[in-house]
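# Structural description and commentary
Next come the chains, spelled out residue by residue.
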Amino acid sequence: MCLCFRETLLVPWASSSRAYFSLCPNNLLYWEMIRWGCEQGYRRFDFGRSSPQSGTYHFKKQWGSSEEPLHWQCLSRKPGQVATLHADDPKYRWLIQAWRRLPLSLTKVVGPWVRGQVSS
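So, a few notes on the structure that sits alongside this text.

### Notes on the side chain of Lys60
- Within the element layout of this structure, Lys60 appears in helix 2 (residues 55–61).
- Buried Lys60, no salt bridge; nearest opposite-charge side chain is Asp46, N-O distance 7.1 Å.
- Those residues within four positions of Lys60 in sequence are excluded, and the remaining contacts are Phe47, Gly48, Arg49, Ser50 and Ser65.

As structure tokens, then:
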């Protein structure tokens, strides 16, 4: 998915079928997005955000991208309490591992509810 704003082409999300990962389809997707952006006159390509040292981080770094820190503001539902929820937080590691082992059909049913609880 590409978003265009002023001189920037932004790709906040891209995906390929796991069945074809051995052929590196995301490399082709990004190459074509960059090529198209150049043809259209965009001067900047924004790979979107990723957590430091994650798989997506390393994928984007191989393209020669440079990092720009993002500044976040978090609001907690409870006054005086700091809102923190990071996938890299060790206290959530067990939950993430358990989620990965659930059947896909169950995650499709439960996932939207869980997401609503996290983001509200």
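### Focus on helix 1 (residues 25–39)
- Over its 15 residues, helix 1 runs 21 Å from end to end, which matches the ideal 21 Å to within 8%, given 1.5 Å per residue.
- Taken together, the buried positions of helix 1 are occupied by Tyr30, Met33 and Gly37. Angularly, the buried residues of helix 1 cover 60° about the axis, an arc narrow enough to put them on a single face. Across from the buried face of helix 1, at angles greater than 90 degrees, the exposed residues are Leu28, Trp31, Cys38 and Glu39.
- Gly41 sits one or two residues past helix 1 and shows a positive phi near 95°.

### A look at the packing of aromatic side chains
- Taken as a whole and assessed by the stated rule, the structure comprises 8 aromatic pairs.
- Between the aromatic rings of Phe47 and Trp63, the centroid separation amounts to 6.4 Å while the plane-to-plane angle is 40°, which identifies the pairing as tilted. A residue pair is termed long-range when its members are at least 10 positions apart, and Phe47 in the loop between strand 3 (44–46) and helix 2 and Trp63 in the loop between helix 2 and helix 3 (90–101) qualify at 16 residues.
- Residue classification places Trp63 among the partly exposed positions, given a relative accessible area of 27%.
- Through successive ring pairs, a cluster of aromatic residues spans Tyr30, Phe45, Phe47, Phe59 and Trp63.

### Focus: the pattern of salt bridges
- Scanning all chains against the criterion turns up 5 salt bridges.
- One salt bridge connects Arg43 with Glu7, and the closest N-O pair in it is separated by 3.6 Å. A residue pair is termed long-range when its members are at least 10 positions apart, and Arg43 in the loop between helix 1 and strand 3 and Glu7 in the loop between strand 1 (3–5) and strand 2 (8–10) qualify at 36 residues.
- For Arg43, a relative accessible area of 68% corresponds to the exposed category.
- For Lys61, the salt bridge identified is with Glu67, shortest N-O distance 3.9 Å.

The rules behind each value
Residues numbered from 1 in each chain as written. Predicted model: local features only at pLDDT ≥ 70, side-chain atom pairs only at ≥ 80, totals over all residues. Heavy atoms only, no water. Helix = DSSP H or I, 4+ residues; strand = E, 2+ residues; numbered from the N terminus. Buried < 20%, exposed > 50% of the residue type's maximum accessible area, 1.4 Å probe, protein only. Lys, Arg positive; Asp, Glu negative; His and termini not counted. Salt bridge = Lys/Arg side-chain N within 4 Å of Asp/Glu carboxyl O. Contact = heavy atoms within 4.5 Å. Expected span 1.5 Å × (residues − 1). Arc of directions from axis to C-beta. Phe/Tyr/Trp six-rings, centres within 6.5 Å; stacked < 30°, edge-to-face > 60°.

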